Structure formats: structure tokens, C-alpha cells
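# Fold and contact review
Below, each chain spelled out in residue letters.
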Amino acid sequence: MRPAGHRRHWVRLDNASNIFLAAHSEVDTKVFRLGAELDHEVDPALLQEALEATLERFPLYRAVLRRGVFWYYLQESDLRPVVVPETEHPCAPIYQADRRTLLFRVVHHRRRVGLEVFHALSDGTGALWFLTALLDAYVRRRFPAADQPPPAPERPDPAPEEAVHTLTTDSFVQHFRRRTRRAGRAGAPRETDHEEFLREAAPAVLTVERAPAAPPGQAPHRPAPSPPGRSAPEPTGRDAAAPPRRVHRVRGTRTPDHRPRVLELSMPVAPVLALAREEGVAMSMYLTAVLFEALRRTGAGGRAAPTLAASVPVNLRQFFPSSSARNFFATLTVAHTYGAGDDALGAVARRLQEDFRAGAAPAALAQRVRRLLRLERAPLARIVPRPLKDLLLGQINRANNRGLTVALSNLGRVTLPEPAASHVGRMQFQVSAARPQFCAISHAGHLTITFTSPFVETDHVREFARLLTAEGVEVTLAASRTTEAELAAVGR
Amino acid sequence: MRRCPDCRLAVEGEWARCPLCTAPLTGESAPSPLPAVPLRFTRRRVLRVLTLTSLAVIGLSFLAQLLFDADRESIGALRSIWLGVVATWLVVLVAAGKRRNLAKFVVYLVALAGGVCVYWDYLTGWDAWSLTYVVPILCASSLVGLMITVRVIRMPVGDHVVYTGLTVLLGLTPLVFLALGWVGTAIPSALCGALSLVVLAALLTMRGGAVRHELATRLHL
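Here the structure is a predicted model, which is why all the values come from computation and not from measurement.

Time to look at the domain arrangement of chain A. Residues and elements named next belong to chain A. Taken domain by domain, chain A holds domain 1 (10–142) and domain 2 (261–491). On a C-alpha basis, the centroid separation for the pair domain 1 and domain 2 is 21 Å. Across the contact, 52 residues belong to domain 1 and 49 residues belong to domain 2. Carbon and sulfur atoms make up 57% of the area that domain 1 and domain 2 hide from each other, which totals about 4,100 Å². Counting every contact that joins domain 1 to domain 2 gives three salt bridges. Elements that contribute at least two residues to the side of domain 1 that touches domain 2 include exactly β1 (10–12), α1 (15–23), β2 (31–38), β4 (72–75) and α3 (124–142). Here the side of domain 1 that touches domain 2 gets eleven residues from one element, more than from any other, and that element is α3. Looking at the side of domain 1 that touches domain 2 residue by residue, the classes come out as 28 nonpolar, twelve polar and twelve charged.

The following block contains the structure:
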């Protein structure tokens, strides 16, 4: 317990997170899940211990979400998370207004550990940092050995040294250096809890704004071969490639109790990578093209609306170094119109990649970040009461949804620290879905593509899987039981 | 692991047919890594519909009163029963909706119950009984009730300070009525106003920091 009279620290939600609150619903809960499959049945007691140790290092995850008159805000809390066996469907609602609950949960089932996060708290990359720390702490407890390497730093992917040197001196650099020093030296003075919460909870865009990290052209840029994005958000604005007017939208039968239809395809990553390389494109764009082809085969992209559009999130941390675990991404839309040129899978993938490259250039992204900040600081946007903001953002979100067929997100290749790496096999990544979508993640040579959809139909996944197996990829399917008929057939 | 000959993929879990194409599977089954979560239907939607219907009925009931004359003796008793029932129903709905935050409920209660009584008074020909007695008594007693409640349930200062402040502001309104000469007997309003001023003074001197902090948190632009 905190001393009497203690004032809880708080921090406002950034603009990007506000859209998740305006857009969350029973169907699209704005919850995403990251999971890992271990080589043994999970020990809940040790997992609980590991969770408590991890939470010490991620004060942001202690936050609860509250509603102010004009904005939402995150407030620190004393709540204690408890790991639970998985009894709810994936991506079940987490945030409920007026209930002060933590914004994440940790579940386990057989050999799997799952971390589910409400999107306003963190993005895929931020959550991956948390899961990495959790797995590291758990495996160390489960397999204690004398010759273990020292614990992994809090952020598994510190920016390369040269990236730091290109920054002019400012608080972000100091902030970054303090972090690396602290991670490297156990005896370094610890920040107080409150400083830590405030620092952790600083929105990513603000940490970047303090660092002139992105002079267009000389930002630490690598041309994103496979965008390690985060889970798919609703786009907050329009994209580099102006989306076509009418876009095909998938429709179907809703699942009986709003749970997402989850279909998990796992496969070795090497052959898929080889297929993408053969076409000269990044794996994300190759898989997007496969999905487009699958949708076309199931009757989409007909005469009525031959254009398919996909929203793809881009992790901004690769261009603008930030150690904030808060949301820090932009979404791009890539689209292809069938019947207006070369519709071969390879050609489509290359077109998508061109679209993506143009949008993911650091200059274009920097412009987006600046626009985001401008929007948030606009006097009018500030004084509008929060319920009205929710209404407006909800409408914007709905309008954006009309321009999308599918969404996809690729967290890329995950590198876990030892000894966790050798005890974790497949990893999973999925998000609640307002439309069909897939999330990809790879670890230890396994690529897992999880399809989620608000509809029970599985046609596009069937075609997607068949396109891959026809190329000789060894695909394994794990499906969650979703419909009444499927659940009635358990064990039969 | 079972296999689907049509899709040419392996299927984890005890599926008899391929979840993608419904073709019969071959081979031995392997346990599913995903749990079979039973269907769960929440009562939330039913409750939402019931709440909205109730609010509509209550709203229409209040509006319907305007159709009856103030001095019609025949409606008198019936009107009192009718308004009493819908007012109680409204309070129950608000209490259920705000059950997680008692301090917030008190503010809603004072505002709604006060408003209903003033309207009731207007409907019955305006004797100012609502402003003279009901509103001051309601404000003063809820202020006392709130003070007791936050102590009994040990509500943290930050969680109730804004609502206490709002209750105090509502408690000061009888003084305005008094100044404008809208009330018949001055004592209830004066007592309520005095109590509110005392609580306000105590709040600002003892909890001034918490008040400023909470206001800054909730009103931040």
C-alpha cells in the first residue's frame, strides 16, 4: 500500500491511443495477444513469480485507464496481476469503463503462455518487450542453472550505437544512455517508482519529439525488408498512396458470441522466405499478395469492386529511436486493382512493395508523426469534451474501415535471450478483428500466421493455405472451436 | 497429427473434419494447443435494452404530466403515486449504473432527485416546497451521507474529492435561492448553505493539494 495522502501519478493518453478507445466494441475489443509455446507444460506458480518480477521492470503495465473531462489518462495503480488458465476466448475485452482494472492479462494453457494487452496501453513491439522479459524470468526459474548468462536488458533491441551518436544532445539521448547504463550495471542507482512510471508512460511520439532524431534523409534508416510492425490499428489518417474509391469488403456470418474466429497456420519460415525472395519482395508483401489472391479466388474482387486494400502497420522505432513501450506506429494502406494489368502473384507483390516503400520512407513517416502531434495540439481538438471526441474519432474510424478489405501485421523475427530461446518454439501473435486479418511472427525457424475474423467463414484461409501448400510448404493448422456446432463436437 | 488430403496440411486437435474445407481427416489426432472455450452469452445486451427502455418510460412519464392541469383535483393522488414510482425507478437505475462509484452516485442522486422535485412542484402549481424544503434537505443530508460513506468504505481522497466538491457546490445553491427570495422559510436553506461552506472550507484547507491535483488530472487539456 502507498502512504496516505500519496498522489497517484498520471499521464495522458496520446492521440494514437485515443482512437482505440473510440473504436473498441464487443466485436473489435482492440485487444491483441502475443504468445509463446514452451517445451513443457507451463508451471503457473513460477509464471506468477516471473510476472511479478517483470512488472517491477515495466511500471507502465501497472497503469489503469481513467476518463477525464477532455482526455483519457493513465494512472498508476497498486493492482497485482494474476496469471490465469485460459478460460476465455482470445482477445476477450479487457478495458471496461468505470472499472479500474489492469490493461493486460497473462494466461496459460498446456504449453502455451499468452499475453493479452489492450491496445491503448502498448503496441506489438512494446508488448513483445514485456513478453520477452516474462519468458526470460520464467525460464530462469523453471530451469535454474549455474552458468546462465546475465538477465537480458529491459529493452531487447537497443538502438545501435551509431544511431545514438547521430542524435544531437538532448533529454532523449540522456534518457537513452541512462537506460543502457542501468541495464549494464547492476549497482546503478535506481529511479524511484514514480519517476520510472512517468518516464515509462511517456508517449512514444513525445520521446521522439524531444529528440530531433529524424532529419529527413539522415535518419537511421534501413529499408524495412519485413516491416516489424505491430498489431493492426485503425489508420489515423490517409496514406501516401491515395486509396481507390471503392474497395472490396469481406462480409459474412458473425460468430455466435462475438469471439473472433481464430485459425493458426504454422510452417517453417525458410521455404516461405525463399518464395518471397524468388519474387524479389519482402515476406510481408509476399504474404499480402497471397492473401489478395486467396480473396480473389473466393470471389472477392469481382466486377463490382475489383480493388483490394490492406492496412499495414509500420513500427516507427526502426526509424525514430524510442524506448517507450507505448504505441508508436503508423499505418499504411497498400492496394491492388485486379483486371488492370499483370495480376500474377509475383507482380502483385512487387506492386504492393512499391506502394509500401513509398509510404514507409522516413521523410513521409516523419511528416506523419508531425501531423499527429499537430492534430493533438490543435486548440480545437483540446477543448472538445471527451465523449464528443470519442464520437468523432469513432466516425473517422468507421470511414477509414470502409477503405479496407483486410489488415495484416508482421512482428517479424523474434530473438529471445538465452536460456528462454532454447525452451520456446513457436510464438503466436493475433489481434481482435473488425475485418479479416492476419498477424505473423517467427521464432526459432517457425513462422506462425494467425488469421482472425469476426465472421465464421474460412474460405480465404483455406485458399491461402492451399496456395502455400501447393508451393510445397509444410503447413500445420490449429483452429479454435468457434461455432456452436464445432463446440458441440468437442472430443467426437 | 491428422491430415487434410484436400488442403494438404496437418491439423492439430481432435477434429474429425478439416476446419477449412470440411473434408474428412486422416491419421491419428494430436491434442490441440488451443482450449475449447464454451460459448458465453453475456446479459449485458439485455440489461442495456432494459435500461434504455426504462429511461424512455420514465422520460415519457414526466412529459405526460404536462398534459394534466395543475389544479385538477382528480389527478392529484394518482399523479403523486405515478411520479413517486418513476422517481424511485430513476434512482434505482442510477444506483445500479453508478454502483462502482458511490461518490459519483451521490452527485447524480442530488441532481436528479432535486430536479424531479422542482418539476413536481411546478406541476402542482408551484408552492416552492421543493426549493424551500426538499432541495436543502437533500443537499445537506447527502453531504453528511457522503462524509460518512467515504470514511466507512475508506475511499481514497483522490477518488472522491471531485464529487465531494460537486456536492458542496450543489449544497450552496439553496443560498442562491434564498438571496433571490424564491423560498418561503429561510432556515433549511441557511442551514444547508452553512454546512456546505464549512465542508468547503475544510476541503480547501485540509485537502487543498488533493483538490488541485484531481482537478488538474481531470481537466488537463
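This paragraph deals with the sheet that holds strand β8 (residues 261–268) of chain A. Strand order in the open sheet formed by nine strands is β10(A)-β9(A)-β11(A)-β13(A)-β14(A)-β8(A)-β15(A)-β2(B)-β1(B), with mixed pairing between adjacent strands. Each edge of the open sheet is held by one strand with a lone partner, namely β10 (329–337) of chain A together with β1 (2–4) of chain B. With direction set aside, neighbouring strand axes in the sheet form an average angle of 25°. In the sheet, strand β9 (residues 307–315) of chain A pairs with β10 of chain A via nine bridges, with the strands oriented antiparallel. Looking at β10 of chain A, one finds that leucine 308 of chain A is bridged to histidine 336 of chain A.

Right, let's talk about the confidence of the model for chain B for a bit. The predicted model of chain B has a mean per-residue pLDDT of 89, with 98% of residues at 70 or higher. Taken together, the chains of this predicted complex give a pTM of 0.82 and an interface ipTM of 0.77.

This brings us to helix α9 (residues 283–297) of chain A. Residue and element names in this part refer to chain A. The terminal C-alpha atoms of α9 lie 21 Å apart, and with 15 residues this matches the ideal 21 Å at 1.5 Å per residue to within 8%. Judged by how many residues are buried, α9 sits mostly within the fold: 13 of 15 residues are covered. Phi for glycine 299, located one or two positions after α9, is positive at around 105°.

Turning next to a nonpolar patch on the surface. Together, Leu60, Leu63, Leu66, Tyr122 and Trp126 of chain B line one region of the surface with nonpolar side chains, adding up to about 560 Å² of accessible area. Here tryptophan 126 of chain B lies in the loop between α3 (102–123) and α4 (129–152).

Criteria and cut-off values
In every chain, residue numbers begin from 1 and rise along the written sequence. Chains carry letters and ligands carry numbers; both start at the beginning, A for chains and 1 for ligands, and go up in the order they are written. With the structure being a predicted model, the display of local features is reserved for residues of pLDDT at least 70 and the display and counting of side-chain atom pairs for 80 or more, all residues being used for whole-chain, interface and lining totals. Hydrogen atoms and water are omitted, and side-chain values are computed over all heavy atoms in the structure. The domain limits used here are those given by an automatic or database domain assignment. Note on contacts: a residue pair qualifies if any of its non-hydrogen atoms lie within 4.5 Å across the two residues. Summed over both partners, the accessible surface that disappears when two parts come together, traced with a 1.4 Å probe, is what is meant by buried area. Every case where a carboxyl oxygen of Asp or Glu lies within 4 Å of a side-chain nitrogen of Lys or Arg is listed as a salt bridge. A run of H or I in DSSP becomes a helix once it reaches four residues, and a run of E becomes a strand once it reaches two; helices and strands are each numbered from the N terminus. In this classification, the charged set is Asp, Glu, Lys and Arg, the nonpolar set is Ala, Val, Leu, Ile, Met, Phe, Trp, Tyr, Cys and Pro, and all remaining amino acids, among them Gly, are polar. Any two strands with at least two DSSP bridges between them are considered paired. Lines fitted to the C-alpha atoms define the axes, with helices restricted to the stretch that makes contact. Angles between their N-to-C directions range from 0 to 180 degrees. The pLDDT score gives, residue by residue, the confidence of the prediction method on a 0 to 100 scale. Residue count minus one, scaled by 1.5 Å, sets the expected span of a helix. Only protein chains enter the accessibility calculation, which uses a 1.4 Å probe. A residue is then buried if its area is under 20% of the maximum for its type, exposed if over 50%, and partly exposed in between. Surface patches are defined over residues having more than 30% relative accessible area and no salt bridge, joining like charges when they lie within 9 Å and nonpolar side chains (Val, Leu, Ile, Met, Phe, Trp, Tyr) when within 5 Å. Here the accessible surface of atoms and residues is derived via Shrake-Rupley with a 1.4 Å probe, and residues count as covered only by protein chains that are part of the display.

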